[in-house]
Amino acid sequence: MLTLQTKDLSIVDLHNYLQHAVAPRPICFASTIDATGNVNLSPFSFFNLFSSNPPIVIFSPSRRVRDNTTKHTLENIIEVPEVVINIVTYDMVQQTSLASCEYAKGVNEFEKTGFTMQPASMVKPPMIKESKIKLECRVNEVKPLGTEGGAGNLIIAEILVLHIDETILDETQKIDQRKLDLVARLGGNWYTRANADTIFEVEKPNLQCGIGVNKLPLSIRNSNILTGNNLGQLANVHEMPVVDPGFDDDKLKNIILYYSISPAEMEKELHYYAKELLDGNKVEAAWQILLATENE
């Protein structure tokens, strides 16, 4: 394994490693305005949600590594502490990337990118009409993290208003994650896409704590077939499962019948079958497969 101490790396190399490693990162497409009314539009991937009460997001327009200059977004926010954060979906990613060009001060990136300006309801900067989610924010604080090239400037923004396109809502008026075709930044020129074809669900631990991997039977914990993800699924039950006399599975019967004279081979086949079920998120059935020979 390559081991690196950050103090031994150039800022350029460290920046490269971090952007590839700390990923994917959501994109804050920030609309700001200066004191004379000049609008700026620029994307930032040093961005995330940090609080729901109060509703706080933070993004960071870092000082440029090559010449230690600051970005127009930061300068505008210092003059007018408001921002609209427009969420980026796949259908607008190329235009979003175009907005990252370093146009001269006073150039309106809405015009350069072809996006439509839409008045916000509570803040001065305009929204992007084409964005499916817009967050009107008041900037509570700007926190510089340094004075050298690459140093971040944390824009701590409180969300005042959310605008959500109805086409991405479900029947309960909540956002359907499968309908929101999000993109996120990786390292270099790489992006990733989160839509119905690529996202997946992981069951959250319930209010009762999972038993933990350390409580799994040794034969399961030390399996050469079950993965760490599989063990995590099995260990997320709040009490150790027991054999269900009513559980009926033809493949299980065939495994027991065929491998009855070879317990080691039987265990291997049971683990393969349990893994297949776990990969299909059928945790209860997988437990019954693994417990099938427990009392034999």
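Along each chain, residues carry numbers from 1 onward, in the same order as the chain's sequence is written. Side-chain atom pairs in this predicted model are given and counted only at pLDDT of 80 or more, local residue features only at pLDDT of at least 70, and totals for whole chains, interfaces and linings cover all residues. Remark: hydrogens and water are excluded; side-chain values derive from all non-hydrogen atoms of the structure.

A.B. asks: What should I look at first to understand a nonpolar patch on the surface in this one?
C.D. replies: A patch consists of residues exposed above 30% relative accessible area that lack any salt bridge, with like charges linked at up to 9 Å and nonpolar side chains (Val, Leu, Ile, Met, Phe, Trp, Tyr) linked at up to 5 Å. A 1.4 Å probe and the Shrake-Rupley method give the accessible areas. Residues count as covered only by the protein chains that appear here. One speaks of a salt bridge when a side-chain nitrogen belonging to Lys or Arg is within 4 Å of a carboxyl oxygen belonging to Asp or Glu. Together, L2, L4 and Y17 make up an exposed nonpolar region whose accessible area comes to about 300 Å². Helix and strand labels come from DSSP, where a helix needs a run of H or I of at least four residues and a strand needs a run of E of at least two; each type is numbered from the N terminus. As for its position among the elements, Y17 is in helix α1 (residues 11–21).

A.B. asks: Is there a simple way to explain the packing of aromatic side chains in this structure?
C.D. replies: Aromatic rings considered in pairs are described by the distance between their centres and by the relative angle of their planes. To pair, rings of Phe, Tyr and Trp, with the six-membered ring standing in for Trp, must have centres within 6.5 Å; the planes then decide the type, stacked if under 30 degrees apart, edge-to-face if over 60, and tilted in the middle. Taken as a whole and judged by the stated rule, the model has three aromatic pairs. Taken together, a centroid distance of 5.8 Å and an interplanar angle of 75 degrees make the contact between F29 and F115 edge-to-face. Residue F29 is located in strand β2 (residues 28–33), and its partner F115 is located in the loop between α4 (109–113) and β7 (117–118); the two are separated by 86 residues in the primary sequence. Accessible area is worked out with a 1.4 Å probe on protein chains only. A residue is then buried under 20% of its type maximum, exposed over 50%, and partly exposed in between. With relative accessibility at 0%, the residue F29 sits in the buried group. According to the relative accessible area criterion, F115 is buried, its value standing at 6%.

A.B. asks: What is the right way to read the pairing of strand β5 (residues 55–59) from this model?
C.D. replies: On any regular strand, side chains alternate: one points to one face of the sheet, the next to the other face. In terms of burial, β5 is largely enclosed, as four of its five residues are buried. In short, DSSP must find at least two bridges between two strands for them to pair. The sheet contact formed by strand β4 (residues 47–52) and β5 spans five bridges and is antiparallel. The partner of S52 across the bridge, within β5, is P55. In this antiparallel pair of consecutive strands, β4 and β5, the connection spans two residues. Sheet topology places β5 next to strand β10 (residues 153–164); four bridges connect them, and they run antiparallel. The residue of β10 that forms the bridge with I58 is I156.

A.B. asks: Please explain the side chain of Q19 as it appears in this structure.
C.D. replies: Its location among the elements puts Q19 in helix α1. Overall, Q19 belongs to the buried group, its relative accessible area being 16%. In contact with Q19, other than residues within four places in its own chain, are R25, F46, L186 and G187. Any pair of residues with heavy atoms lying within 4.5 Å of one another is described as a contacting pair.

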